[in-house]
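Residue-level structural notes
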Amino acid sequence: MYTAKAYSAASATSPLAADSIPRRAPTDRDVQIEILFCGICHSDLHSVRDEWHSVMPTIYPIVPGHEIVGRVVKVGAAVTGFKPGDLAGVGCLVDSDHTCHHCQDGVEQFCQNATFTYNSPDKHLGGVTYGGYSESIVVDESFALHVPTNLNLAGVAPLLCAGITTYSPIRRWGDIRGKKVGVVGLGGLGHMGVKFAHALGAHVVVFTRTANKKEDALHLGADEIIVSTNAAEMQQHAGTFDFILDTVAAEHDLNAYINMLGRDGNLTLVGAPEKPLPVSAFALLFGRRSLSGSLIGGIAETQEMLDFCGQHNITADVEVIPIQRVNEAYERLLKSDVKYRFSIDMASLKSS
Ligand code: NAP
Ligand code: ZN
């Protein structure tokens, strides 16, 4: 065991502050990674503030962070896929039981015994797992991802959650070339959804409350933008979408978006608002529309996504910050005041 510097929150109302945490010495199958960048996902904020209490109560202190990119510094004797000096990524998962049908099917995120990167029982040290707002992390090599070497690392970090969470449902939908695809909410997830849908050949339409995001949306790869507060604009597109990805982090009217779908259209929720969202049966019945959800992605698909990003030169648009500005960043995230993901430069932790 060794001690690592980190930022943690002591309660749902405490700010994040400098702390030190235990990390296990790498076992035979582990890699130890020096963290270079960690993205700030809205899930970090939901978790720190215990907003998902009824589903996943937060255990304090919490060290959030599941958009991790770094460099391998040590490997266990049985590790074959990584060596010291390699780049490595870690997303929302650090372990699973490797045996259940979900693991066999490559969707480890649904394994009943999955270990999430933070706030999950820690099999090795007891207590809970601690995430990436830290100088290092130790994971089983089968949950470490290979990072393409041609990409900007600050912009790679958010791919490990925002990237895979949007890539996976878009790929699962099928061949979206030429299809009308909506992305609701132009935040961390939303802007990645736009990039992937565009790269895969869809006609991409952004729904946003924020009219002044228009130029950005077009630049990111959108073909059109709908200001969701403008009823006339919404009405014009009713019943025309093949697929809509909803990334909104707060309460909103889901039915307004279901009504945008054409026959057999699907709306997939990836946003995880704290409170339930009412759904109109009629919005689904007329047009045989469907509503579904999606949770991150499995490890093999995450690797596929990273390779796709390497080939297509895709990274997140990031604002790099030192860890000392993390609390301010959370307040700005709540106001949708970030273009489009904060990425923490972990070198800043050295001076904490
Ligand atoms: P984010 O950067 O804050 O983006 C969310 C966007 O939603 C905002 O930029 C805003 O877009 C829109 N929005 C926010 N409040 C709204 C409101 N009251 N009404 C309508 N629109 C609103 O957050 P994120 O990191 O992308 O995460 C989005 C959600 O996905 C969070 O709930 C997060 O926990 C969840 N998540 C889920 C998974 C999964 O596996 N399913 C993985 C990661 C994250 P505009 O300004 O353009 O309107
Ligand atoms: Zn996340």
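This is a predicted model, so every value here is computed, not measured. (Residues numbered from 1 in each chain as written. Chains lettered and ligands numbered in written order. Predicted model: local features only at pLDDT ≥ 70, side-chain atom pairs only at ≥ 80, totals over all residues. Heavy atoms only, no water.)

**Regarding the nonpolar core**
Within the largest apolar cluster, 53 residues are counted, with the highest numbers of intra-cluster contacts made by Val 156, Ile 170, Val 194, Phe 196 and Met 305. Listed by contribution, the elements that provide at least two residues to this core are helix H3 (153–156), helix H4 (162–173), strand S9 (180–184), helix H5 (188–199), strand S10 (203–208), helix H6 (214–220), strand S12 (241–246) and helix H10 (299–312). Two domains each put at least three residues into this core: domain 1 (2–161 + 297–351) and domain 2 (163–293). Residues in contact with Met 305, not counting those within four places in the same chain, are Leu 159, Gly 163, Ile 164, Tyr 167 and Phe 196. Counting 40 residues, the second-largest nonpolar core is a separate cluster that includes Ala 4, Tyr 7, Tyr 118 and Ile 344. (Core = buried A, V, L, I, M, F, W, Y, C linked by side-chain atoms within 4.5 Å. Buried < 20%, exposed > 50% of the residue type's maximum accessible area, 1.4 Å probe, protein only. Helix = DSSP H or I, 4+ residues; strand = E, 2+ residues; numbered from the N terminus. Domains from an automatic or database assignment. Contact = heavy atoms within 4.5 Å.)

**Re a nonpolar patch on the surface**
There is a patch of nonpolar side chains on the surface, built from Phe 282, Leu 285 and Phe 286 and spanning about 400 Å² of accessible area. Checked against the element boundaries, Phe 286 lands in the loop between helix H9 (281–285) and strand S14 (290–293). (Patch = residues over 30% accessible without salt bridge, like charges linked within 9 Å, V, L, I, M, F, W, Y side chains within 5 Å. Areas by Shrake-Rupley, 256 points an atom, 1.4 Å probe, with all protein chains shown as cover. Salt bridge = Lys/Arg side-chain N within 4 Å of Asp/Glu carboxyl O.)

**Focus on the coordination of the zinc ion (ligand 2)**
Distances from the zinc ion (ligand 2) to its protein donors, Cys 41 (SG), His 66 (NE2) and Cys 161 (SG), fall within 2.0 to 2.2 Å. Going along the chain, you hit the donors of the zinc ion (ligand 2) in the pattern C-x24-H-x94-C. Here Cys 41, found in the loop between strand S3 (30–39) and helix H1 (42–48), pairs with Cys 161, found in the loop between H3 and H4; they are 120 residues apart in sequence, far enough to count as distant. Comparing Cys 41 with Cys 161, the two get one shared label, buried. (Donors = N, O, S within 2.8 Å, 3.2 Å for Na, K, Ca; no water.)

**Some remarks on the site of ligand 1**
Close contacts around ligand 1 come from 30 residues, with His 42, Leu 189, Thr 208, Lys 213 and Arg 341 the closest. Separating an oxygen atom of ligand 1 from a side-chain N or O atom of His 42 is a distance of 2.7 Å. The contact in question runs from an oxygen atom of ligand 1 to an N or O atom on the side chain of His 46, over 2.8 Å. Within the complex, 90% of the 920 Å² of free accessible area of ligand 1 lies under protein. Elements with a contribution of two residues or more to the shell around ligand 1: H1 and H5. A domain-level breakdown of the shell around ligand 1 finds at least three residues from each of domain 1 (2–161 + 297–351) and domain 2 (163–293). (Near = heavy atom within 4 Å. Polar contact = N/O pair within 3.5 Å; in protein donor to acceptor, adjacent residues only side chain to side chain.)

**Considerations on the environment of His 101**
For His 101, the location among the structural elements is in helix H2 (residues 101–104). Between the alpha carbons of His 101 and Val 326 there is a distance of 39 Å; along the sequence they are 225 residues apart.

**Describing H10**
It helps to recall that an α-helix has 3.6 residues per turn; residues three or four apart then point in one direction. Along its 14 residues, H10 runs 20 Å from first to last C-alpha, staying within 8% of the 20 Å computed at 1.5 Å per residue. Of all the positions in H10, only Ile 299, Thr 302, Gln 303, Met 305, Leu 306, Phe 308, Cys 309 and Gly 310 are classed as buried. For H10, the elements touching its buried residues are strand S6 (93–95), H3, H4 and H5. Where H10 ends, the next residue or the one after it, Asn 313, has phi of about 60°, a positive value. (Expected span 1.5 Å × (residues − 1).)

**Considering the domain arrangement of the protein chain**
Each assigned domain of the protein chain is listed with its residue range as follows: domain 1 (2–161 + 297–351) and domain 2 (163–293). On a C-alpha basis, the centres of domain 1 and domain 2 stand 27 Å from each other. Across the contact, 23 residues belong to domain 1 and 23 residues belong to domain 2. When domain 1 packs against domain 2, close to 2000 Å² is buried across both sides, 59% of that on carbon and sulfur atoms. The largest per-residue losses of area from domain 1 upon contact with domain 2 belong to Cys 161, Phe 308 and Tyr 340, which jointly make up 30% of the total buried on that side. Inspection of the region where domain 1 meets domain 2 yields two salt bridges. For the salt bridge of Asp 317 with Lys 195, the shortest nitrogen-to-oxygen distance reads 2.5 Å. In this structure, the connection of domain 1 to domain 2 is made through 16 residue pairs in polar contact (both at pLDDT 80 or more). When contributions to the side of domain 1 that touches domain 2 are tallied by element, the ones reaching two or more residues are H1 and H10. Per element, the largest residue contribution to the side of domain 1 that touches domain 2 is six residues, and it comes from H10. (Buried area = accessible area lost by both parts, 1.4 Å probe.)

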